[in-house]
Amino acid sequence: TFAMPRCVLRLDATCAGPEGTQLVLTGSGFGADSLTTVLFNGLQVVVPAADVDSSTIRVTVPPGATSGPVIVSGIKSDNSAGLQSNPVFFDVLGP
């Protein structure tokens, strides 16, 4: 049975910002061969493959996001289970 390595997630530079903030999530175990999603306290954002490589994910804090854990997950192109990151707290700042 093939198992993806667990993804390790770190936030670069900032752990707080308003909606629309551009984040660079760094770590290991990411992959452009999977459907990558980022959860902002449960609010799902699908990340285009062009914004994902083995160590970096570029994502924008979406409208409606609230403060809480940021988690990366993915499903491989063959529909097998993909990665699940550790949670990292992100504080969404109000207007």
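Here's what I pulled together on the structure shown here. (Residues numbered from 1 in each chain as written. Predicted model: local features only at pLDDT ≥ 70, side-chain atom pairs only at ≥ 80, totals over all residues. Heavy atoms only, no water.)

## Details of the overall build of the protein chain
Now for step 1: Counting secondary structure elements, the protein chain contains zero helices and nine strands.
Now for step 2: When its helices and strands are written in sequence order, the protein chain yields β-β-β-β-β-β-β-β-β.
Now for step 3: Taken across its 95 residues, the protein chain has 41% of its residues classed as buried.
Now for step 4: Considering only intrachain contacts with a sequence separation of at least 6, the fraction spanning at least 24 residues in the protein chain is 57%. (Helix = DSSP H or I, 4+ residues; strand = E, 2+ residues; numbered from the N terminus. Buried < 20%, exposed > 50% of the residue type's maximum accessible area, 1.4 Å probe, protein only. Contact = heavy atoms within 4.5 Å.)

## As for the packing of aromatic side chains
Now for step 1: Tallying each qualifying case throughout the model produces one aromatic pair.
Now for step 2: Ring geometry for Phe40 against Phe90: centres 6.5 Å apart, planes inclined by 80°, an arrangement best described as edge-to-face. Of the two residues, Phe40 is situated in strand S4 (residues 34–40) and Phe90 in strand S9 (residues 88–92); the sequence distance between them amounts to 50 residues.
Now for step 3: By relative accessible area, which is 1% here, Phe90 ends up buried. (Phe/Tyr/Trp six-rings, centres within 6.5 Å; stacked < 30°, edge-to-face > 60°.)

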